[in-house]
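One-letter residues, chain by chain:
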Amino acid sequence: MKKNIGFFLLVICLVVGYGAFIFLWDLSQVSGTAPTISAPTSVLELSVEDDEEDMLEGVSATDDEDGSLTDRVYIESISTFDENQERTVTYTVFDSDDNVARTTRKIKYTDYEAPVFNIEKALCIYYVTSTEEYKDYVSASSVVDGDISSSITIDSVNYDDSYNLESVTL
């Protein structure tokens with residue numbers, strides 16, 4: 001039994017030591033300085049028809065060792081709409097040493113329209129046994145994100161005194 005515990009402790013020490021070695025090795029492989037990336041501070045106005053290339057307008061990146069990295073900048077993420085109907089775009093660039101730099105910019109769509117909900121089939125209350133099943137009867141689409149039906153949530157279902165459906169709040 002004591003041999004098993006000793007062997008087990010030896011294995012744990014080896015695994016921890018190997019993990020520490022790999023971690024320190026990774027740290028030693030990063031060299032040079034991080035690149036710099038910049039974007040205008042003004043809100044970029046776009047059409048919903050514009051593509052990602054248009055979102056890169058005015059964004060530039062450089063590195064002391066690699067020079068211009070502007071052609072390597074990519075869009076890492078685009079946030080949901082905020083209270084001002086603007087989205088935040090996060091731009092990222094890596095240099096040849098895998099150093100990273102990020103910046104953000106606000107965008108606003110000039111021709112944005114709110115999502116459209118559609119009733120796909122007649123609501124047959126006799127067959128609906130849970131609020132989740134109401135999603136089978138409704139679809140939604142957005143001019144920005146396309147089909148967003150999977151994002152529909154049912155907030156409430158109201159019935160009148162005779163158990164007739166009054167409303168479904170999405």
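The shown structure was predicted, so the numbers you read here are calculated from the model rather than taken from an experiment. (Residues numbered from 1 in each chain as written. Predicted model: local features only at pLDDT ≥ 70, side-chain atom pairs only at ≥ 80, totals over all residues. Heavy atoms only, no water.)

**What to know about the overall build of the protein**
- When its secondary structure is counted, the protein shows two helices and 12 strands.
- Listing every helix and strand of the protein by position from the N terminus yields α-β-β-α-β-β-β-β-β-β-β-β-β-β.
- Classification of the 170 residues of the protein by burial places 24% in the buried group. (Helix = DSSP H or I, 4+ residues; strand = E, 2+ residues; numbered from the N terminus. Buried < 20%, exposed > 50% of the residue type's maximum accessible area, 1.4 Å probe, protein only.)

**Thoughts on the sheet that holds strand S9 (residues 138–142)**
- Sheet architecture is open: three strands sit in the order S8-S9-S10, paired in antiparallel fashion. A strand with exactly one partner marks an edge of an open sheet, and here the two such strands are strand S8 (116–119) and strand S10 (146–147).
- As defined by bridge partners, S9 adjoins S10 across two bridges and the pair is classed as antiparallel. By the bridge assignment for S10, serine 142 is matched with glycine 146. (Pairing = 2+ DSSP bridges.)

**Some details on the sheet that holds strand S6 (residues 86–94)**
- Read across the open sheet, the four strands follow the order S2-S7-S6-S5; overall the sheet is mixed. One side of each edge strand has no neighbouring strand; the edge strands of this open sheet are strand S2 (44–46) and strand S5 (74–78). Here the average twist between neighbouring strands, direction ignored, is 40°. (Axes fitted to C-alpha atoms, helices over the stretch in contact; angles between N-to-C directions.)

**As for the side chain of aspartate 63**
- Here aspartate 63 is to be found in strand S3 (residues 60–63).
- We note that aspartate 63 is buried and unpaired, the nearest opposite charge coming from arginine 72 at a distance of 7.6 Å.
- Among the polar contacts made by the side chain of aspartate 63, one reaches the main-chain amide nitrogen of glutamate 65 at a distance of 3.1 Å.
- Within the structure, the side chain of aspartate 63 is placed 3.1 Å from the backbone nitrogen of aspartate 66, a separation counted as a polar contact.
- Excluding residues that lie within four positions of it along the chain, aspartate 63 makes contacts with Thr33, Ala34, Pro35, Leu69 and Asp95. (Lys, Arg positive; Asp, Glu negative; His and termini not counted. Salt bridge = Lys/Arg side-chain N within 4 Å of Asp/Glu carboxyl O. Polar contact = N/O pair within 3.5 Å; in protein donor to acceptor, adjacent residues only side chain to side chain. Contact = heavy atoms within 4.5 Å.)

**Observations regarding the pattern of salt bridges**
- Counted under the stated rule, the structure contains two salt bridges.
- Between arginine 102 and glutamate 76 there is a salt bridge whose closest N-O contact spans 2.7 Å. Of the two residues, arginine 102 sits in strand S7 (residues 100–109) while glutamate 76 sits in strand S5, which places them 26 residues apart along the sequence.
- Residue classification places arginine 102 among the partly exposed residues on the basis of a relative accessible area of 49%.
- Of the charged contacts in the structure, one is a salt bridge between lysine 106 and aspartate 82, with a shortest N-O distance of 3.1 Å. Pair noted here: lysine 106 is in strand S7 and aspartate 82 is in the loop between S5 and S6, with a separation of 24 residues, a long-range link.

**Some points on the packing of aromatic side chains**
- Scanning the model with the defined rule gives two aromatic pairs in all.
- Ring centres of phenylalanine 81 and tyrosine 112 lie 4.6 Å apart, and the angle between their planes is 40°; on these two criteria the pair is classed as tilted. Taken together, the positions of phenylalanine 81 in the loop between S5 and S6 and tyrosine 112 in the loop between S7 and S8 put the pair 31 residues apart, joining distant regions of the chain.
- Here a set of aromatic residues connected by ring pairs shows up, and it is made of Phe81, Tyr109 and Tyr112.
- One Lys or Arg, arginine 87, reaches over the ring of phenylalanine 81 and ends 5.0 Å from the middle of that ring. (Phe/Tyr/Trp six-rings, centres within 6.5 Å; stacked < 30°, edge-to-face > 60°. Lys NZ or Arg CZ within 6 Å of the ring centre and 35° of its normal.)

**Comments concerning a negative patch on the surface**
- Together, Glu49, Asp50, Asp51, Glu52, Glu53, Glu57, Asp111 and Glu113 line one region of the surface with negative charge.
- Summarising the element assignment, glutamate 49 is placed in the loop between S2 and helix H2 (52–55).
- A residue is classified by how much of its surface remains accessible, and glutamate 49, at 68% relative accessible area, is exposed. (Patch = residues over 30% accessible without salt bridge, like charges linked within 9 Å, V, L, I, M, F, W, Y side chains within 5 Å. Areas by Shrake-Rupley, 256 points an atom, 1.4 Å probe, with all protein chains shown as cover. Charge placed at Lys NZ, Arg CZ, Asp CG, Glu CD.)

**So, unusual backbone geometry**
- A positive phi angle, close to 60°, is found at glutamine 85, a residue other than glycine.
- Under the relative-accessibility criterion, glutamine 85 is labelled partly exposed at 39%.

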